[in-house]
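Chain and residue survey
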Amino acid sequence: MSKQRQLVAIMFTDIVGYTALMQRDEIKAVAIRERHRLAFESVTLKHKGKILQYFGDGTLSIFKSTVEAVECAIKMQLAFLKNPTIPVRIGIHVGDIIHSKDDIIGDAVNVASRIESCGIPGSILISDKVHDQIRSHNHIKSKFIDVFELKNIEEPIPLFAICNEGLLIPKKEGIKK
């Protein structure tokens, strides 16, 4: 099995409350997931991203460009916030991964997953590494939240929220690590 290292922007998305919705209203849950996937697929492809994995209510994708990843996340999140809303949180991190066929592993993947889980529906959270690569792009607005110790991650991670118009920003106190 051939393994290849690659530096990429890693994006995780998750539909918040999907499991509970599936228990209450399976038809609605399936419709929301289908709408999520349609928007996710079309916007990701337009921003040159590669979809690696769907899990029930979430996704994993990678981008060669950090700017493209964040622009993609903004467009997706704004689409998810339109009625009927889809309660999605998005996390993005940049790092070295080990890529084999359609699977990726590595510390950066784990960090990206933890960042996504800190978000709230309607938010896009990014690491300081992502922020470093987008800060000269004036059309992308960001706000420093704080430095957080994330579950099973050795070093604390500075988190930023993308704060373009229409996006939601979690409060520091509301971040669940």
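You'll find the structure just up there.
Residues numbered from 1 in each chain as written. Predicted model: local features only at pLDDT ≥ 70, side-chain atom pairs only at ≥ 80, totals over all residues. Heavy atoms only, no water.

Topic: the side chain of Asp146
Note that Asp146 resides in strand β7 (residues 142–148). Of note is the side chain of Asp146, whose polar atom sits 2.7 Å from the side chain of Lys172. The contact partners of Asp146, leaving out residues within four places of it in the chain, are Ile157, Pro158, Leu159 and Lys172. (Helix = DSSP H or I, 4+ residues; strand = E, 2+ residues; numbered from the N terminus. Polar contact = N/O pair within 3.5 Å; in protein donor to acceptor, adjacent residues only side chain to side chain. Contact = heavy atoms within 4.5 Å.)

Quick notes on the side chain of Gln77
Along the polypeptide, Gln77 turns up in helix α3 (residues 66–80). Among residues more than four places away in sequence, those in contact with Gln77 are Val88, Arg89, Ile90, Gly122, Ser123, Ile124 and Leu167.

Here's the deal with the packing of helix α2 (residues 26–46) against α3
Two measures define how a pair of helices packs: the angle their axes make with one another and the distance between the axes. Close contact between α2 and α3 brings their axes to 10 Å; oriented N to C, the two are set at 150°. With respect to α3, the axis of α2 lies roughly antiparallel. Crossing geometry of α2 relative to α3 is assigned as right-handed. When α2 is examined against α3, the residues Arg35, His36, Ala39, Phe40, Val43 and Thr44 are found in contact with a partner set consisting of Cys72, Lys75, Met76, Ala79 and Phe80. Per-class residue counts for the contact of α2 with α3 are seven nonpolar, two polar and two charged. (Axes fitted to C-alpha atoms, helices over the stretch in contact; angles between N-to-C directions. Parallel < 35°, antiparallel > 145°, perpendicular 65-115°, else oblique. Left-handed = near helix turned anticlockwise from the far one by under 90°. Nonpolar A, V, L, I, M, F, W, Y, C, P; charged D, E, K, R; others polar.)

Some points on α2
For α2, with 21 residues, the first-to-last C-alpha span of 30 Å sits near the 30 Å given by 1.5 Å per residue. Turning to α2, its buried residues are Ala29, Ile32, His36, Ala39, Phe40, Val43 and Thr44. For α2, the angular spread of buried residues about the axis comes to 120°, placing them on one side. Along α2, exposed side chains directed more than 90 degrees from the buried face belong to Glu26, Ile27, Leu38, Leu45 and Lys46. Looking at the packing, one finds that the buried side of α2 touches β1 (4–15), α1 (18–24), β2 (49–55), β3 (58–63), α3 and β4 (88–100). Just beyond α2, the residue with positive phi is Lys48, at close to 60°. (Expected span 1.5 Å × (residues − 1). Buried < 20%, exposed > 50% of the residue type's maximum accessible area, 1.4 Å probe, protein only. Arc of directions from axis to C-beta.)

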